[in-house]
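Listed below, chain by chain, are the residues.
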Amino acid sequence: MAAQDVLGQTARLASSSALLQVLFRVVTFGLNAFTLRYLSRELIGVVNVRLTLLYSTVVFLAREAFRRACLSGSAKRNWTKTINLLWLTVPLGVFWSLILGLVWLHLLEVPDPSVVPHYQAGVVAFGLSAIIELLGEPFWVLAQAHLFVRLKVIAESLSVVSKCILMVTLVILYPHWGLYIFCLAQLLYVSVLVMCYVIYFVMFLGSPEATKKSFPVARVKALLPSFVEDETFVNWREARLTWSFFKQSFLKQILTEGERYVMTFLNVLNFGDQGVYDIVNNLGSLVARFIFLPIEESFYVFFAKVLERGKPVKDQKQDDVAMAANVLELLLKLVLLIGLTITVFGYAYSQLALDIYGGSMLSSGTGPDLLRCYSLYVLFLAVNGVTECFTSALMCKEEVDRYNFVMLALSFIFLCISYFLTHRYGSVGFILANCFNMGIRITHSTHYIHHFFRESTHRPLRGLLPSPALLLVYILSAAVTTFSEVLFCCDKGWMARLIHISTGALCLAATLVTMFYSETKLIHFVRSQFLSRYLKKGT
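Only a predicted model underlies this, so the values are computations on that prediction, with no experimental measurement involved.

A.B. asks: So what's going on with the overall build of the protein chain? Residues and values would help.
C.D. replies: Summing up its helical and strand segments, the protein chain has 22 helices and zero strands in all. For the protein chain, the proportion of its 539 residues judged to be buried stands at 57%. Looking at the protein chain alone, contacts between residues at least 24 apart form 83% of all its contacts between residues at least 6 apart. Here the protein chain has roughly 23,700 Å² of accessible surface; of this, 67% comes from carbon and sulfur atoms.

Rendered as structure tokens:
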């Protein structure tokens with residue numbers, strides 16, 4: 001597949017995934033606002049922090065390394081061996097579910113049964129849901145490698161909608177079920193997700209469309225583990241790369257979910273405070289989840305397909321190098337401007353957003369300061385997602401192994417800083433520690449990118465430099481909106497709130513107009529790659 005075709009399909013995958021994440025997050029936030037009126041903060045804290053951490057840890061440790069290794073390189077490979085390797089995620093998931101389940105049941109603080117009953121059933125259900133989801137891993141990787149955009153969108157949309165319908169119904173009819181509601185909803189979510197992928201491939205394989213596309217897997221039976229005579233069970237190169245990524249994924253999970261591990265294992269916040277923190281954290285991560293994550297996942301595939309892992313820039317195809325450098329520069333500029341916009345406007349509108357969303361329970365206390373800090377953290381997330389996606393797609397096994405030692409040291413420092421800052425500043429300390437963590441990771445990734453392109457004429461890191469005019473508008477917008485918040489927000493009535501919102505809207509409009517005229521290359525990239533198919537439908 002030509003590099004230009006890969007870029008087009010990757011951009012469509014990213015934009016479709018972004019729309020999917022919009023749906024997912026909007027529904028989730030609406031669901032949180034709804035459940036806050038029926039269930040206790042303590043129950044939400046146990047589910048959204050303690051049990052969700054168990055589920056995400058099992059899934060991440062069992063599959064992340066396999067995904068990274070099996071999506072590297074061309075889609076043309078011995079898929080029988082790759083599928084065999086991917087099925088190893090299931091026994092690995094069973095292992096982690098058992099080990100971590102015992103830790104969650106016997107070593108961690110158990111919630112008061114009078115406040116949060118059925119905790120043991122919750123641990124079992126969330127651990128089981130992780131194993132069920134891993135059953136669909138070979139199907140997911142096969143679809144992702146061949147850029148099946150609609151399948152991912154439909155599967156995740158149906159699973160999210162099914163989960164939400166069941167949860168809302170049970171919360172209204174049987175609120176006394178408590179934790180059982182979340183257990184049933186989680187099991188339904190993963191079951192629908194896996195079944196969508198299975199049903200699709202059962203219908204797709206052997207069809208005229210599959211034959212026309214010369215799809216490498218011809219029968220459904222080929223998606224199951226199988227031995228090939230006189231050949232190894234797995235591709236040992238992929239297996240060794242998986243092991244390298246596994247060591248890295250273990251550390252990356254600690255860095256990604258560090259604050260939840262500190263809350264869970266060190267008991268620095270009670271379950272009620274954990275619930276509030278998680279709600280504010282989800283609100284703050286809205287754009288990070290529905291824009292940055294799809295871009296990172298989709299363009300990892302692009303860079304892995306266009307450039308060859310472990311080769312220096314002079315040994316790569318120079319046309320592909322030029323395209324990759326151009327795309328990397330524009331992606332960095334795109335996420336940087338999104339992050340700056342959120343940082344500037346998030347500071348002055350955090351308290352108002354929390355007051356509208358959750359009332360005084362969220363807008364009083366540390367809630368606004370927490371969301372303001374998260375607005376800054378989003379900027380770090382934006383840059384790190386793209387730079388780390390590029391380095392992960394290009395690093396050879398030895399480089400991955402060296403990076404693992406960096407991650408090990410960083411993990412230890414991060415946990416220590418999280419514990420110290422949380423005792424000093426409360427939940428805000430988690431966000432400050434995350435900013436430090438992301439800053440170190442960005443430094444490593446940008447150093448790798450600079451080193452990779454130093455023997456070429458391309459300088460993609462220039463994407464981290466916004467135009468002077470746009471930077472000036474950002475500074476003026478920050479000053480005006482902060483002054484507006486002091487005058488009009490948030491206890492002076494709805495008319496004052498509307499004036500504050502109108503002030504922000506005018507500043508945002510001025511920012512977008514300046515962006516449109518000063519970043520013409522970026523605007524063309526977004527229109528041609530991300531919005532092209534939607535613009536065509538509208539004409």
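A.B. asks: Please give an account of the packing of aromatic side chains that cites residues and values.
C.D. replies: The full count for this structure, using the stated rule, is 17 aromatic pairs. Aromatic rings pair up to connect Phe299, Phe302, Phe303, Phe390, Phe452 and Phe453 into one cluster. Over the ring of Tyr347 we find Arg372; its NZ or CZ atom is 5.4 Å from the centre of that ring.

A.B. asks: Please provide a residue-by-residue account of the environment of Phe233, values included.
C.D. replies: Within the secondary structure, Phe233 is located in the loop between α9 (208-212) and α10 (236-256). C-alpha separation for the pair Phe233 and Thr82, spaced 151 residues apart in sequence, amounts to 9.2 Å. Residue contacts for Phe233: discarding those within four places in its chain leaves Lys81, Asn84, Pro225, Ser226 and Phe227.

A.B. asks: I'd love a proper account of the pattern of salt bridges, names of residues and values included.
C.D. replies: Under the defined criterion, the tally for this structure stands at eleven salt bridges. Here Glu137 and Arg67 are joined by a salt bridge, their closest N and O atoms 2.6 Å apart. Taken together, the residues span a long stretch of sequence, with Glu137 in helix α6 (residues 137-145) and Arg67 in helix α2 (residues 41-70) at a distance of 70 residues. On the basis of relative accessible area, Glu137 is assigned to the buried category, the value being 1%. Of the residues examined, Arg67 reaches a relative accessible area of 13% and is grouped as buried. One salt bridge in this structure joins Glu296 and Arg68, with 3.8 Å as the shortest N-O distance. With a gap of 228 residues between them, Glu296 in helix α13 (residues 286-306) and Arg68 in helix α2 connect regions that are remote in the sequence. Grouping residues by exposure puts Glu296 and Arg68 together as buried. Here the salt bridges share partners, and the residues they tie into one network are Arg63, Arg67, Glu133 and Glu137.

A.B. asks: Got a sec to walk through the side chain of Arg497? Specific residues and values, please.
C.D. replies: By secondary structure assignment, the location of Arg497 is in helix α20 (residues 494-518). Looking at Arg497, the relative accessible area reads 9%, which means it is buried.

A.B. asks: An account of the nonpolar core is requested, with residue identities and associated values reported.
C.D. replies: Ranked by internal contacts, the top residues of the largest apolar core, which has 154 residues, are Trp104, Phe201, Phe215, Phe303 and Phe390. It is helix α14 (residues 318-358) that provides the largest number of residues to this core, a total of 20 residues. When residues of this core are assigned to domains, at least three fall in each of domain 1 (1-263) and domain 2 (268-465). Among residues more than four places away in sequence, those in contact with Phe201 are Phe139, Leu142, Ala143, Phe148, Leu151, Phe215, Val220 and Leu223. Ala348, Tyr349, Cys489 and Cys490 belong to the second-largest nonpolar core, a separate cluster that totals five residues.

A.B. asks: Tell me about helix α17 (residues 397-425), and please be specific about residues and values.
C.D. replies: Spacing of three or four residues puts side chains on the same side of an α-helix, whose turn is 3.6 residues. Over its 29 residues, α17 runs 40 Å from end to end, which matches the ideal 42 Å to within 8%, given 1.5 Å per residue. Among all positions of α17, only Val400, Asp401, Tyr403, Asn404, Met407, Leu410, Ser411, Phe414, Ser418, Leu421 and Thr422 are buried. Two residues or fewer past α17, Gly426 is found with a positive phi of approximately 75°.

A.B. asks: So what about unusual backbone geometry? Which residues, and what values?
C.D. replies: If a residue is not glycine, its phi is most likely negative; likewise, a peptide bond is most likely trans. A positive phi angle, near 65°, is found at His118, a position not held by glycine. On the accessibility criterion, His118 (32% relative accessible area) is partly exposed.

A.B. asks: So what's going on with a nonpolar patch on the surface? Which residues, and what values?
C.D. replies: A surface patch of nonpolar side chains, amounting to about 470 Å² of accessible area, comprises Met195, Ile199, Val202, Met203 and Val220. Position of Met195 relative to the elements: it lies in helix α8 (residues 179-204).

A.B. asks: Which residues make up the packing of α2 against α8, and what are the values?
C.D. replies: Relative to each other, α2 and α8 sit at 35°, their axes nearing to 11 Å. Crossing hand, α2 versus α8: right-handed. Of the residues in α8, those touching α2 at Leu43, Val47, Leu51 and Tyr55 are Leu179, Phe182, Gln186, Tyr189 and Val190.

A.B. asks: Provide a residue-level description of helix α4 (residues 89-106), including the pertinent values.
C.D. replies: Under the 1.5 Å per step criterion, the end-to-end length of α4 is 25 Å for 18 residues, consistent within 8% with the ideal 26 Å. Listed in full, the buried residues belonging to α4 are Thr89, Val90, Gly93, Trp96, Ser97, Leu100, Gly101, Val103 and Trp104. Along the axis of α4, the buried positions cluster into a sector of 160°, meaning they face one direction only. Relative to its buried face, α4 has exposed residues pointing more than 90 degrees away, namely Leu98 and His106.

A.B. asks: Quick rundown of the confidence of the model for the protein chain? Include the residues and the values.
C.D. replies: When pLDDT is averaged across the protein chain, the result is 82; 89% of the residues are at 70 or more. The secondary-structure element of the protein chain with the lowest mean pLDDT is helix α22 (residues 532-538), recorded at 44, while helix α5 (residues 119-134) shows the highest, at 95.

Procedures and definitions
Counting restarts for each chain, with residues numbered from 1 along the sequence as it is written. Only residues with pLDDT of 70 or above have their local features reported here, since the model is predicted, and side-chain atom pairs are shown and tallied only from 80 upward, although totals for entire chains, interfaces and linings are computed over all residues. The side-chain values count all of the structure's non-hydrogen atoms but skip hydrogen atoms and water molecules. Elements are defined by DSSP. Helices are runs of H or I of four residues or more, strands are runs of E of two residues or more, and each kind is numbered from the N terminus. Relative accessibility under 20% of the residue-type maximum defines a buried residue, over 50% an exposed one, and the middle range a partly exposed one, all with a 1.4 Å probe and only protein chains included. Residue contacts are defined here by distance: any two heavy atoms, one from each residue, within 4.5 Å place the two residues in contact. Each accessible area value is a Shrake-Rupley result obtained with a 1.4 Å probe; residue values ignore everything except the protein chains displayed when judging cover. Whether two aromatic rings pair depends on their centres lying within 6.5 Å, for rings of Phe, Tyr and Trp, where Trp uses its six-membered ring; planes under 30 degrees apart make the pair stacked, over 60 edge-to-face, and the rest tilted. Only when the NZ atom of a Lys or the CZ atom of an Arg is both within 6 Å of the ring centre and within 35 degrees of the ring normal do we say a charge sits over the ring. The salt bridge definition used is simple: a Lys or Arg side-chain nitrogen within 4 Å of an Asp or Glu carboxyl oxygen. Take the buried Ala, Val, Leu, Ile, Met, Phe, Trp, Tyr and Cys residues and link them wherever side-chain atoms come within 4.5 Å; each set so joined is a nonpolar core. Domain delimitation in this document rests on an assignment produced automatically or drawn from a domain database. One less than the number of residues in a helix, times 1.5 Å, gives the span that helix is expected to have. Residues enter patches when their relative accessible area tops 30% and they take part in no salt bridge; the joining distance is 9 Å for like charges and 5 Å for the nonpolar side chains Val, Leu, Ile, Met, Phe, Trp and Tyr. Throughout, an axis means a line fitted to C-alpha atoms (over the contacting stretch in the case of helices), and angles, computed between N-to-C directions, take values from 0 to 180 degrees. Left-handed describes a crossing whose near helix is turned anticlockwise from the far helix through less than a right angle; right-handed describes the clockwise counterpart. By arc we mean the arc of the directions from the helix axis to the C-beta atoms, nothing more. Note on scores: pLDDT gives the predictor's confidence for each residue, bounded by 0 and 100.

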